[in-house]
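Architecture at a glance
Take a look at the letters that make up each chain.
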Amino acid sequence: MSATYITSAEMLSPLGIGLDHNFQQIKAGVSGLKEQKSAAARTPIFCAAIAEEQVAEYDHLIQPTVPLTKLEKMVLVTAKRLLAQHNFDPRDPKNIFIFCTTKGNIDLLFESDTLIPKGRILFSDSAQVMARQLGFTNLPIVVSNACISGVEGILLGRQLIQAGLCQQAMVIAADLVTDFTISGFYSLKAYAKGLCRPFDKDRTGVNLGECCAGVILSGKPASSKDLKIIAGTSSNDANHMTAPSREARGLSQAIQHCLSQTEEDQLPDFISAHGTGTRYNDAMESLAFQQSGLGEIPFFSLKGIFGHTLGAAGLLETVVSAEALKQNTILPSIGFENAGEDVKYQPATQLVWSPMKSFLKTASGFGGGNACLMVEKSPS
Amino acid sequence: MEKQQLVNEIKNKIIEQLNLVDVDPASVSATDPLFGEGMGLDSIDGLEIVVILERDYNITITEIESLTPHFESLNTLAEFVAAQTAVAA
Amino acid sequence: MASYCIIQPSTIRHNGQLLFEARVGEEQSFFLEAYRYFDINYPKFHKMDRFCQLGFLSALPIVPEKRLAAPSKTGVLLASKSGSIHTDQHYYEKVFAADNIFYSPAQFTYTLPSAILGELCIKHNIQGENYFLLHGMQNLDLLKDYAKQLFHSQQLDACLIGWMDYYTTDHFQSCYLWVEREDLINLDTIIININKICFDYGKATVS
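Computed from a predicted model, the values in this text were never measured in an experiment. (Residues numbered from 1 in each chain as written. Chains lettered and ligands numbered in written order. Predicted model: local features only at pLDDT ≥ 70, side-chain atom pairs only at ≥ 80, totals over all residues. Heavy atoms only, no water.)

1. A few points about the layout of surface pockets
Using the following cut-off: Of the grid points, spaced at 1 Å and generated over the protein atoms alone, those admitting a 1.4 Å probe that cannot get out make up cavities, while open sets with protein on both sides within 12 Å along at least five of seven lines make up pockets; any residue with an atom within 4 Å of a point is treated as lining. Grid points are joined across faces, edges and corners, and a volume is the space filled by probe spheres set on the points. Secondary structure elements are taken from DSSP: a helix is a run of H or I of four residues or more, a strand is a run of E of two residues or more, and numbering for both begins at the N terminus.
When its volume is computed, the second largest pocket comes out at roughly 820 Å³. Residue lining of the second largest pocket: 33 residues in total, with Gln17(B), Asn19(B), Lys47(C), His90(C) and Gln107(C) positioned closest to the centre. Among the elements of the structure, helix H1 (3-17) and helix H2 (43-56) of chain B together with helix H1 (30-38), helix H2 (50-59), helix H3 (85-97) and helix H4 (105-109) of chain C are those that each provide at least two residues to the lining of the second largest pocket. Of all the elements, H2(B) adds the most residues to the lining of the second largest pocket, at six residues.

Encoded structure:
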């Protein structure tokens, strides 16, 4: 299978707008997690939420012709930045729009006084409005597979390009922090007491976050510096609806399958892990890395900065990790202090510069899904 | 409340909360394992039982792991509820 | 051998033959009656939301128990327009509108439209590629094209493909198709037929 290139990448988060800006903030050690109250939690909790005022500023950048939700504004402003970087014509019938989300405009359920038609709670209707605003002529596709949606959106785009069904794909992922999702993680006893601490021995669960991240994928590079996706696959534990496989079966299978697609079973220089901060996820992941012969490879979770952004997480973390690869940087896993017995390896704790070639991105989610992809520099 | 009465009460609440349509309450004994074999529950069902404990018996659960020994059977669960509600009273 | 199942309010059809029809006036209990018709012991069925029950029943007649394809080379690709909207509203009404702070973790799980992937993978031991897509194209063409590509790139040897929507007790539909590698040569024809039955194919407008 030939390579698919990431010809542009963008994001917005509580740290601000733009990949460059976000990456500087990450290097400076800034976190988007703040303590706040939620009607769905009995005590204050930590979330990484994007302020309403920040989103309101986007209107003049987007210039929408119809009323838009917060999520849709986040997506459109990210899309506008992607389009500004790169010669991509949404009106070209060979180009498609893929949107990845776990819960989309779920906040509309709570709104009684809004100009937005209730139908936009349907992901396909919302995606269609966004696609029209951007000028796409093709009907958009939404990927919603819980916490692996973002990685799967990239894999879907890659396969559709490889199959010749499209030439380029704009893939954007976004999710919100809402009382709806907080209530779910709370009821599953999976919400962290305090800040989340991925891979730490004292981790107690997740902090939720909201963000939007996007890429443009193409069968041809736009510049010699473009990174390429060289492998990727998804799998299912076929084991339990909410708990990951104790034997890490599904993730190990996905990683091994992914590595086997590379030339000479190439090993990545670092792993951008899922690392949610729940007991079972993080233990399962470290076991999967060990079983796949990646025990010595540095890894980190970005959840200590952005929280768990659900369906957006995989794409957000791919975009940030791609920038890290370009800058030959391994990022520290914020929130980690001490290794416990159930997590075999220590994640990266400091910013490290070293010449690198590739990284592996992994994700696992409710419903037993796992997905991973491998990103590599083009030979210079 | 008599222990047998509490066992039956909890049993009926579990059957209702978990929508165990094909389970005949009379066929479940107080000593049957709740998880795996027996009533055949899994960990998400365990969390639904936590909802029953918190909502109907006003027991606050902070550490899920500490519940494991009490979740063996209806008997152990009833003993836990009896002990917790006695403390609260 | 390719095999398909179509469920509409009150009927289940397998490869074009009527398999099950609910008794008149009992649409409400269609899902429970259909479950009993299949005569299986799967208590988890009763815990699922309607959307998952619809998917579960649609796969039952067509996924073979004994298969040549390895579980890791068996996949499931589903698409929908409704997604979990019915369960989202139910969860919202039971929890937030009712000011009930005791959320049900099981009910929350079913507000993920992709929960059905987990249920199908557990029931049929499917461990390969799994996708849940939502779009407004009223046909199975995208799923067919994607499945072909995954077969072609050696990611799959067998695959469950399906469309499903659940809005209300009398507004739901599914069409599921089981495909193995040997069926690929006929797949276009099979899909055209199913599109005709389920989606008035050809009349759907793409705007």
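2. Looking at the state of the cysteines
Residue and element names in this part refer to chain C. Cut-off, in case you're wondering: We call a pair of cysteine sulfur atoms a disulfide when they lie within 2.5 Å. The buried label goes to any residue with under 20% of its type's maximum accessible area, the exposed label to any with over 50%, and the partly exposed label to all in between, with areas taken from a 1.4 Å probe on protein chains only.
Applying the stated criterion across every chain, the model contains zero disulfides over all chains. Between cysteine 175, a cysteine without a disulfide, and cysteine 198, which holds the nearest cysteine sulfur, the sulfur-to-sulfur distance is 3.6 Å. According to the relative accessible area criterion, cysteine 175 is buried, its value standing at 1%.

3. Some remarks on the interface of chain A and chain C
The following threshold applies: It only takes one pair of heavy atoms within 4.5 Å for two residues to be counted as in contact. When two parts are brought into contact, each loses some accessible area as probed by a 1.4 Å sphere; the total of that loss over both is the buried area. Salt bridge, as used here: a side-chain nitrogen of Lys or Arg that lies within 4 Å of a carboxyl oxygen of Asp or Glu. Pairs of N or O atoms are called polar contacts if they sit within 3.5 Å, as long as, within protein, a hydrogen donor faces a hydrogen acceptor (for residues adjacent in sequence, only side-chain-to-side-chain pairs).
The interface is formed by 59 residues belonging to chain A together with 51 residues belonging to chain C. Both sides of the chain A and chain C interface together cover about 4400 Å² of buried area, and 62% of this is carbon and sulfur. Counting across the chain A and chain C interface gives two salt bridges. For Asp125(A), the salt bridge is made with Lys81(C), and the minimal N-O distance between the two is 2.5 Å. Where chain A packs against chain C, one counts 22 residue pairs in polar contact (both at pLDDT 80 or more).

4. Re the interface of chain A and chain B
Counting residues at the interface gives nine residues for chain A and 11 residues for chain B. Summed over both sides, the interface between chain A and chain B buries roughly 690 Å², with carbon and sulfur atoms accounting for 55% of that surface. Between chain A and chain B we count two salt bridges in total. Between Arg42(A) and Glu54(B) there is a salt bridge, with its nearest N and O atoms 3.7 Å apart.

5. Focus: the pairing of strand E2 (residues 11-14) of chain C
Residue and element names in this part refer to chain C. Stated formally: Any two strands with at least two DSSP bridges between them are considered paired.
Pairing of strand E1 (residues 3-8) with E2 involves four bridges; the strand directions are antiparallel. Looking across to E2, one finds that isoleucine 6 is bridged to arginine 13. One ladder, built from four bridges, connects E2 with strand E3 (residues 17-21); its direction is antiparallel. Within E3, the residue paired with isoleucine 12 across the bridge is phenylalanine 20. The antiparallel pairing of E2 with E3 creates a hairpin that spans two residues between the two strands, and asparagine 15 there sits at a positive phi of about 50°.

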